[in-house]
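# Structure assessment
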Amino acid sequence: MGASPSVPSPPNPELNKPWRIFDWGQKKDLKEKLENFSTSHPDVKDIKILVAGQIGAGKSSFINSIESAFQGRISSRAQVNSADGYGHSFTKTLNRFTIKGGGKKTPFVFKDVMGLQPIVLEGSQPEDIINAVFGHVKDGYKFNQEQALTYKDQHYTRDPELSDQAFCLVYVIAADTVEFTDDRLIDKLTIIRQRLSDKGIPQVIVMTKVDEACPLVGKDLRKIYSSKKIKEKMELCSAKVGVPLTNIFPVKNYHNEIDTNDDVDVLILKAVEQIVHLADDRLEDSESY
Ligand SMILES: Nc1nc2c(ncn2[C@@H]2O[C@H](COP(=O)(O)OP(=O)(O)O)[C@@H](O)[C@H]2O)c(=O)[nH]1
Ligand SMILES: [Mg+2]
């Protein structure tokens, strides 16, 4: 007795073969390369990368996961919003994190900004994020919900050095909320994208919480590029935000683990490698802007 032929079986959540080829064995290599990386510009010792995104998207967790991957143990320097995260932004100041790895500092500095909110005049505004990328916002500046920073403020740097500027914007989106991204938020992102594109600043999306968005991936992270759900989410992200698929990196952050894991690490390190290369290419071209 089999199942009744009239009951269709549920569609397979997995593709026959992965749509993106990924080498799960490259962790050691990636880590070494990144630890020995130096920037292509003599005046800039470390590459700054700005991390933005909605409250609760996983920005702080992403920064912590990067450091965990380098250190081989769970790091939690960037404070994570444990109270499910969609209320208030924990990060209200512009915080900088120099990633440590291999017993020394890496030449990567990640800056975490408070969340962009769909409602106008709430959360950091496009202007604040644009200013932060261009190096006008002093570290430790406490963002004002109602008013974007202006050149008159003491926290505004009028003539930033090349080394104050960020050369890549990483926009963090949680995979489980991609389809609910508010149009008003998309409008704000469009403003940011245009202004940064004018100056050739690369933009990348890190799509977090793949484990929550797809049970298949929640069980086995190596299914990430054969999961239909994750592919759909990435395509949707690309269409909504206007960033090409090649610049979208799906990751799982450390969030409740007590030990690191090679599969989590390698995805995180691969995203960092791409981000760093895009940023460094832009830094190399800085004379032309
Ligand atoms: N399951 C899962 N939870 C995550 C992931 N990334 C972050 N979180 C959780 O999402 C919540 C918000 O994360 P947080 O890093 O504070 O977000 P931020 O507001 O963007 O800095 C926290 O409870 C995290 O533990 C992930 O990849 N998977
Ligand atoms: Mg945060």
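Here goes a summary of the coordinates provided. (Residues numbered from 1 in each chain as written. Chains lettered and ligands numbered in written order. Predicted model: local features only at pLDDT ≥ 70, side-chain atom pairs only at ≥ 80, totals over all residues. Heavy atoms only, no water.)

## Describing the nonpolar core
Keep this limit in mind: Nonpolar cores are built from buried Ala, Val, Leu, Ile, Met, Phe, Trp, Tyr and Cys residues. Side-chain atoms within 4.5 Å join them into one set. Throughout this description, buried means an accessible area under 20% of the type-specific maximum (1.4 Å probe, protein chains only), exposed means over 50%, and partly exposed covers the range between. Each helix corresponds to a stretch of at least 4 residues labelled H or I by DSSP, and each strand to a stretch of at least 2 residues labelled E; elements are numbered beginning at the N terminus. By definition, residues are in contact when any of their heavy atoms lie within 4.5 Å.
By size, the foremost hydrophobic cluster in this structure holds 84 residues, and its most contacted members are Leu50, Val170, Ile224 and Ile230. Sort the elements by how many residues they give to this core and helix 8 (residues 262-284) lands first, with 11 residues. Apart from the residues lying within four places of it in its own chain, the contact partners of leucine 50 are Leu94, Lys111, Val113, Ile129, Ala132, Val133, Ala166, Cys168, Leu169 and Val170.

## Focus: the environment of aspartate 183
Looking at where aspartate 183 falls in the secondary structure, it is placed in helix 4 (residues 183-198). Considered as a pair, aspartate 183 and lysine 240 are 57 residues apart in the sequence and their alpha carbons are 8.9 Å apart.

## Looking at the pattern of salt bridges
The line we're drawing: Think of a salt bridge as a Lys or Arg side-chain nitrogen and an Asp or Glu carboxyl oxygen that are within 4 Å of each other.
Applying the stated criterion to the full structure yields 17 salt bridges. The partner of lysine 31 in a salt bridge is glutamate 35, with the nearest N and O atoms 3.9 Å apart. In this pair, lysine 31 and glutamate 35 both sit in helix 1 (residues 27-35), four residues apart, roughly one turn of the helix. For lysine 31, a relative accessible area of 22% corresponds to the partly exposed category. Looking at glutamate 35, the relative accessible area reads 16%, which means it is buried. Arginine 222 is the partner of aspartate 263 in a salt bridge, and the nearest nitrogen-oxygen pair spans 3.1 Å. With aspartate 263 in helix 8 and arginine 222 in the loop between helix 6 (215-219) and helix 7 (228-241), the pair connects residues that are 41 residues apart, well separated along the chain.

## Re the pairing of strand 4 (residues 166-174)
Spelled out, the test is: Two strands are counted as paired when DSSP detects at least two bridges linking them.
Burial of strand 4 is extensive: nine of the nine residues sit out of reach of the surface. As judged from the five bridges shared by strand 1 (residues 47-53) and strand 4, these two strands associate in the parallel manner. Within strand 4, the residue paired with valine 51 across the bridge is valine 170. The pairing of strand 4 with strand 5 (residues 203-208) spans six bridges and is parallel.

## Considering helix 7
To keep things clear, this is the line we draw: An expected span of 1.5 Å times one less than the residue number is assigned to each helix. Polar contact is defined as a pair of N or O atoms within 3.5 Å, subject to the rule that within protein one atom must be able to donate a hydrogen and the other to accept it, and that residues adjacent in sequence are counted only when both atoms are side-chain atoms.
Helix length check: helix 7, at 14 residues, gives a terminal C-alpha distance of 20 Å against a target of 20 Å (1.5 Å per residue), a fit within 8%. Contacts from the buried residues of helix 7 go to strand 4, helix 4, strand 5, helix 5 (210-213), helix 6 and strand 6 (248-250). Of the residues flanking the start of helix 7, the one acting as N-cap is serine 227, its side-chain oxygen 3.3 Å from the backbone nitrogen of lysine 229. Count one or two residues on from helix 7 and you reach glycine 242, which has phi positive near 80 degrees.

## Observations regarding the environment of methionine 207
Positionally, methionine 207 belongs in strand 5. A C-alpha to C-alpha distance of 5.0 Å links methionine 207 and isoleucine 173, two positions 34 residues apart in sequence. When sequence neighbours within four positions are dropped, the list of residues in contact with methionine 207 reads Ile173, Ala175, Val178, Ile230, Lys233, Met234, Cys237, Phe249, Pro250 and Val251.

## Comments concerning helix 8
In this model, helix 8 (23 residues) spans 32 Å end to end at C-alpha, consistent with the 33 Å of a helix rising 1.5 Å per residue. Capping the start of helix 8, asparagine 261 holds a side-chain oxygen 2.8 Å from the backbone nitrogen of aspartate 263, two or three residues further along.

## With respect to a negative patch on the surface
For clarity, the cut-off: The residues that make up patches have over 30% relative accessible area and no salt bridge, and they are joined within 9 Å when like-charged or within 5 Å when they are Val, Leu, Ile, Met, Phe, Trp or Tyr. Each accessible area is a Shrake-Rupley result for a 1.4 Å probe, and residues are judged covered by the shown protein chains and nothing else. Lys and Arg are tallied as positive, Asp and Glu as negative. Neither His nor the chain termini are counted. Where a charge lies is defined by one atom per residue type, namely NZ (Lys), CZ (Arg), CG (Asp) and CD (Glu).
On the surface, Asp43, Asp159, Glu161 and Glu287 cluster together into a patch of negative charge. Topologically, aspartate 159 is positioned in the loop between helix 3 (126-133) and strand 4. When its relative accessible area of 68% is taken as the criterion, aspartate 159 is described as exposed.

## Considerations on the packing of aromatic side chains
Definition in use: Only rings of Phe, Tyr and Trp enter the pairing, Trp through its six-membered ring, and a pair is recorded when the two centres are within 6.5 Å. The plane angle decides the type: under 30 degrees is stacked, over 60 is edge-to-face, the rest tilted.
Under the defined criterion, the tally for this structure stands at six aromatic pairs. When the ring of tryptophan 19 is compared with that of tyrosine 225, the centres are 5.6 Å apart and the planes differ by 80 degrees; the resulting orientation is edge-to-face. Residue tryptophan 19 is located in the segment before helix 1, and its partner tyrosine 225 is located in the loop between helix 6 and helix 7; the two are separated by 206 residues in the primary sequence. A residue is classified by how much of its surface remains accessible, and tryptophan 19, at 26% relative accessible area, is partly exposed.

## What to know about the sheet that holds strand 1
In sheet architecture, strand pairing relies on hydrogen bonds along the backbone and comes in two forms, parallel and antiparallel. Basically, it comes down to this: Here an angle of 0 to 180 degrees is reported between the N-to-C directions of two axes, which are lines fitted to C-alpha atoms, with helices fitted over the stretch in contact.
In space, the six strands of this open sheet follow the order 2-3-1-4-5-6, with mixed pairing throughout. Each edge of the open sheet is held by one strand with a lone partner, namely strand 2 (95-101) and strand 6. Taking the axes of each pair of neighbouring strands and ignoring which way they run, one obtains an average angle of 30 degrees across the sheet. In this sheet, strand 3 (residues 104-112) lies alongside strand 2 in antiparallel orientation, the contact comprising six bridges. Looking at the pairing, glycine 101 lines up with lysine 104 of strand 3. Those strands touched by helix 3 are strand 1 and strand 4, and its axis lies near 165 degrees from that of strand 1. In the packing of helix 7 onto the sheet, contacts are made with strand 4, strand 5 and strand 6, and the angle to strand 5 comes to roughly 145 degrees.

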